[in-house]
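Observations on the three-dimensional arrangement
Here is what each chain is made of, one letter per residue.
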Amino acid sequence: MTRIKIAIDGPAASGKSTIGCILAEKLGYLYLDTGVMYRAVTWAALDRGVPIEDEEAVTRLAETVTIEVIPATVEDGRQYSILANGRDITWEIRSPDVNRYVSPVSAYQGVRRAMTQQQRRIARDGGVVMVGRDIGTVVLPDAEVKLYLDASLEERSQRRYLEYQQRGQCVTIDEVRENVMLRDRIDSTRDTAPLRPAEDAIVIDTTSMSITEVVERTEAIVRAAIAAAEKRD
Ligand code: CDP
């Protein structure tokens, strides 16, 4: 069976990882949320006291830290476990400090080069659902399916706020909205690989859609693409 590449991009908290994970499971594909890689580099910089504004030092760190995304090792609601140099940082990468600094770190060209290289290697043989900001535009421009999930700022902030509440993390809706807005601004205005839909991406506004509706819609798109790829091969 032909195993294609599926790219899912979109702004913060637009439901990319929820949908990406469900699609990957249905297809028996590998799922990779590339946001966790940028978060892991940011966490490592903060942990080692590397100044975030020191582009050279942060880039060196991105080139040397070993990030592993492996099946969940603990049953605490995680989709997977994230290790940085062998240490479990699955929840640490969701901290307010990482939220604050991840977009500046992700704007560094050298950091992106290091992450993009690893992501392309992972996707080489297809059968992958990759989620991020620049997957359809830069990382996998040859992906057979490119989806761009969006939703209103208010809806996205509410969704993220609910996630924090369920995890018992103490934040206000205003703080969540501020961070989502700030990251979107930095991510979409940076010089290297800015957040935007690829020209051939299918844009879906999920503001008033349920998860089930988004899954149904995207699964239909993906199944059609797999059928087309099979006919071609
Ligand atoms: O889950 P959420 O949408 O809040 O964010 P994420 O996907 O975990 O990504 C965190 C941050 O990493 C983003 O705000 C971007 O700054 C950066 N990122 C990126 O630059 N490129 C990617 N392919 C994925 C994430």
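We now turn to the structure provided with this report. Numbering of residues starts from 1 in every chain and runs along the sequence as written. Selection of residues for local features in this predicted model requires a pLDDT of at least 70, selection of side-chain atom pairs for listing and counting requires 80 or more, and totals for whole chains, interfaces and linings are taken over all residues. Values shown for side chains rest on all heavy atoms present in the structure; no hydrogens or waters enter the calculation.

1. Looking at the sheet that holds strand E1 (residues 5-9)
Operational definition: In this scheme, strands are said to pair when DSSP sees at least two bridges between them. Counting from the N terminus, the helices are DSSP H or I runs at least four residues long and the strands are E runs at least two residues long. Each axis is a line fitted through C-alpha atoms, and for a helix only the stretch in contact is used; angles between axes span 0 to 180 degrees, taken between their N-to-C directions. Every residue pair with non-hydrogen atoms within 4.5 Å of one another is taken to be in contact.
Within the open sheet, the 5 strands sit side by side as E2-E6-E1-E7-E8. Their pairing is parallel. Edge positions in the open sheet fall to strand E2 (30-33) and strand E8 (202-205), since each of these has one partner strand only. Within this sheet the neighbouring strands show an average axis-to-axis angle of 20°, counted without direction. As paired elements, E1 and strand E6 (residues 128-132) share 5 bridges and run parallel to each other. Paired with Ala 7 across the bridge in E6 is Met 130. Across the sheet, helix H9 (residues 211-232) is in contact with E1, strand E7 (145-150) and E8; its angle to E7 comes to roughly 165°.

2. Observations regarding the pattern of salt bridges
What counts is decided by this rule: Within this document, salt bridges are pairs made up of a side-chain nitrogen of Lys or Arg and a carboxyl oxygen of Asp or Glu, the two lying within 4 Å of each other.
The final tally for this structure, using the stated rule, is 17 salt bridges. In this structure, the salt-bridge partner of Lys 146 is Asp 200, at a minimum N-O distance of 3.2 Å. Residue Lys 146 is found in strand E7, and its partner Asp 200 is found in the loop between helix H8 (173-189) and E8; the two are separated by 54 residues along the sequence. Each of Lys 26, Glu 219 and Arg 223 takes part in salt bridges that share partners, so that together they form one network.

3. Some words on the site of the ligand
The condition is simple: Near residues are defined by distance, with any heavy atom within 4 Å of the molecule or strand qualifying the residue. We define a polar contact as two N or O atoms separated by no more than 3.5 Å, with the added condition that, inside protein, one atom must be a possible hydrogen donor and the other a possible acceptor, whereas residues neighbouring each other in sequence contribute only through side-chain atom pairs. Working definition of accessibility: Shrake-Rupley area with a 1.4 Å probe, residue cover restricted to the visible protein chains. The distinction between a cavity and a pocket rests on a 1 Å grid over the protein atoms alone: a 1.4 Å probe fits inside a cavity but cannot get out, while a pocket stays open yet meets protein on both sides within 12 Å along at least five of seven lines, and a residue with an atom within 4 Å of a point counts as lining. To be counted as sitting in a cavity or pocket, a molecule needs more than half of its atoms within 2 Å of that site's grid points.
Taken together, the neighbourhood of the ligand is formed by 19 residues, with Arg 39, Arg 112, Arg 160, Arg 183 and Asp 187 sitting nearest. One of the side-chain N or O atoms of Ser 106 is found 3.5 Å from an oxygen atom in the ligand. The separation between an oxygen atom of the ligand and a polar side-chain atom of Asp 187 is 2.6 Å. Burial of the ligand by the protein amounts to 99% of the accessible area it has alone, namely 530 Å². The site holding the ligand turns out to be the largest pocket. Elements represented by at least two residues in the shell around the ligand include exactly helix H2 (35-48), helix H4 (96-106) and H8.

4. What to know about H9
Where we set the bar: Expected span of a helix, by definition, is 1.5 Å for each gap between consecutive residues, and there is one gap fewer than residues. Type-normalised accessible area, obtained with a 1.4 Å probe on protein chains alone, sets the label of each residue: buried when under 20%, exposed when over 50%, and partly exposed for intermediate values. The directions considered for the arc are those from the helix axis to the C-beta atoms.
With 22 residues, H9 should reach 32 Å at 1.5 Å per residue; the first-to-last C-alpha distance of 31 Å fits that figure. Looking at H9, one finds that the buried residues are Val 214, Val 215, Thr 218, Glu 219, Val 222, Ala 225, Ile 226 and Ala 229. End-on, the buried residues of H9 take up no more than an arc of 130°, which puts them together on one face. Along H9, exposed side chains directed more than 90 degrees from the buried face belong to Thr 212, Glu 216 and Lys 231.

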